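Read off the chains here:
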Amino acid sequence: MIRRWLDSILGEGYTLTDLDTVLLAGFEEPTAEIYSLICGYAPITNASGASVGMAAIEAGNPITQERLKALAAEVAGQIDGTAMAALKPGDETTPAFTVIRDELNTFRDANPGVVYVYTMRKTENATDYAVDADYGSAYAAAIGDVYVPTEEDVAFLAGFTEPSAEPGFYTDEWGNETATILSGYAPVRDATGTVVGLVGVDMGFVH
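If you're wondering where the values come from, they're calculated on a predicted model, not measured in any experiment. (Residues numbered from 1 in each chain as written. Predicted model: local features only at pLDDT ≥ 70, side-chain atom pairs only at ≥ 80, totals over all residues. Heavy atoms only, no water.)

**Q** In this structure, what is going on with the overall build of the protein? I would like to understand it.
**A** If you tally the helices and strands in the protein, you get five helices and 10 strands. For the protein, the share of sequence-separated contacts (at least 6 apart) that also reach a separation of at least 24 residues comes to 50%. (Helix = DSSP H or I, 4+ residues; strand = E, 2+ residues; numbered from the N terminus. Contact = heavy atoms within 4.5 Å.)

Below, the structure is given as structure tokens:
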């Protein structure tokens with residue numbers, strides 16, 4: 001259904017499908033959906049406030065896999081991998097942790113659309129968090145919080161070797177908020193060039 005209006009003429013019909021729930025909701029309130037473009041919809045009302053139609057807009061989507069890879073590699077290169085590798089649970093108030101957290105926060109603030117940025121390390125058959133950007137949420141992960149990868153985490157695990165990105169957008173729950181995001185990853189190295197973890201960068205929007 002993308003770009004279906006570009007070559008349309010006034011009065012030309014469009015047959016709705018089961019996939020058009022977001023479009024149909026646009027007759028009642030502003031809505032949006034993401035494809036290779038971002039498609040937004042909003043109702044057109046008459047003088048009495050009744051919905052008489054809907055306006056649609058399609059904007060080029062600036063969030064791509066390649067951009068995510070580049071952003072993740074950029075921030076990974078700013079992190080002191082030796083200091084990150086040495087962090088242990090309880091070090092959240094140490095200067096080493098604070099420096100990395102502040103770098104992540106600065107990176108997020110400088111890049112509109114980045115909603116979450118964090119670092120992780122491998123621990124045998126699992127992974128654990130090292131530094132989580134302080135984005136004002138009580139749900140931020142602490143040092144040593146474990147995440148066990150699943151068979152779906154191909155891009156995530158590849159990020160421990162080279163910049164990678166998820167194949168498409170997905171939704172995630174953070175507390176009481178839902179976000180639609182695309183994630184990218186890049187390895188963090190210590191002073192010798194050894195990979196000691198990765199940076200994860202999530203771009204998208206909270207709704």
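From this point, the narrative continues.
**Q** Explain unusual backbone geometry to me, please; I cannot follow it from the model alone.
**A** In terms of backbone geometry, most residues other than glycine have negative phi values and most peptide bonds are trans. Phi at glutamate 124 is positive, roughly 55°, even though this residue is not glycine. Mapped onto the fold, glutamate 124 is located in the loop between strand 4 (114-123) and strand 5 (126-132). Look at glutamate 124 and you get exposed, because its relative accessible area is 80%. (Buried < 20%, exposed > 50% of the residue type's maximum accessible area, 1.4 Å probe, protein only.)

**Q** How should I be thinking about the nonpolar core in this particular structure?
**A** In a soluble, globular protein the nonpolar side chains are often hidden away together inside. In terms of nonpolar packing, the biggest core is built from 27 residues, with Leu104, Val117, Val199 and Val201 touching the most fellow members. Mapped by element, the contributors of at least two residues to this core are helix 2 (65-76), helix 4 (95-110), strand 4, strand 5, strand 9 (177-189) and strand 10 (195-206). Excluding residues that lie within four positions of it along the chain, valine 199 makes contacts with Ala72, Val75, Ala76, Ile79, Val117, Tyr118, Thr119, Gly184, Tyr185, Ala186 and Val188. If you look at the next biggest cluster of nonpolar residues, it comprises 13 residues, including Tyr118, Met120, Ala141 and Tyr185. (Core = buried A, V, L, I, M, F, W, Y, C linked by side-chain atoms within 4.5 Å.)

**Q** Before we go on, may I ask you to explain the confidence of the model for the protein in this structure?
**A** The predicted coordinates ought not to be read in detail in places where the model reports low pLDDT. In this model, the protein carries a mean pLDDT of 83, and residues with pLDDT of at least 70 account for 78%. Low pLDDT, under 50, characterises residues 1-6; the predicted model gives this stretch 21 contacts beyond four residues in sequence or across chains. (pLDDT = per-residue confidence, 0-100.)

**Q** I keep staring at a nonpolar patch on the surface and nothing clicks. Help me out?
**A** A grouping of Leu16, Leu24 and Phe27 is seen on the molecular surface, where their side chains present a nonpolar patch of about 240 Å² in accessible area. Looking at leucine 24, the relative accessible area reads 38%, which means it is partly exposed. (Patch = residues over 30% accessible without salt bridge, like charges linked within 9 Å, V, L, I, M, F, W, Y side chains within 5 Å. Areas by Shrake-Rupley, 256 points an atom, 1.4 Å probe, with all protein chains shown as cover. Salt bridge = Lys/Arg side-chain N within 4 Å of Asp/Glu carboxyl O.)

**Q** How do you make sense of the pattern of salt bridges when you look at a structure like this?
**A** Going through the model one piece at a time under the given rule, you end up with five salt bridges. As a salt-bridge pair, aspartate 91 and lysine 88 come within 3.6 Å of each other at their nearest N and O atoms. With relative accessibility at 13%, the residue aspartate 91 sits in the buried group. Where aspartate 128 meets arginine 121, a salt bridge forms, and the shortest distance between an N and an O atom there is 3.2 Å. The same class applies to aspartate 128 as to arginine 121, namely buried.

**Q** It is not clear to me how the pairing of strand 4 should be interpreted in this structure. Could you clarify?
**A** Consecutive side chains along a regular strand alternate between the two faces of the sheet. In terms of burial, strand 4 is largely enclosed, as eight of its 10 residues are buried. Two strands pair when backbone bridges link them, and strand 4 and strand 5 are joined in this way by five bridges, in the antiparallel orientation. Bridging across to strand 5, methionine 120 finds its partner in tyrosine 129. The loop that links strand 4 with its antiparallel partner strand 5 comprises two residues; one of these, glutamate 124, has a positive phi angle of about 55°. (Pairing = 2+ DSSP bridges.)

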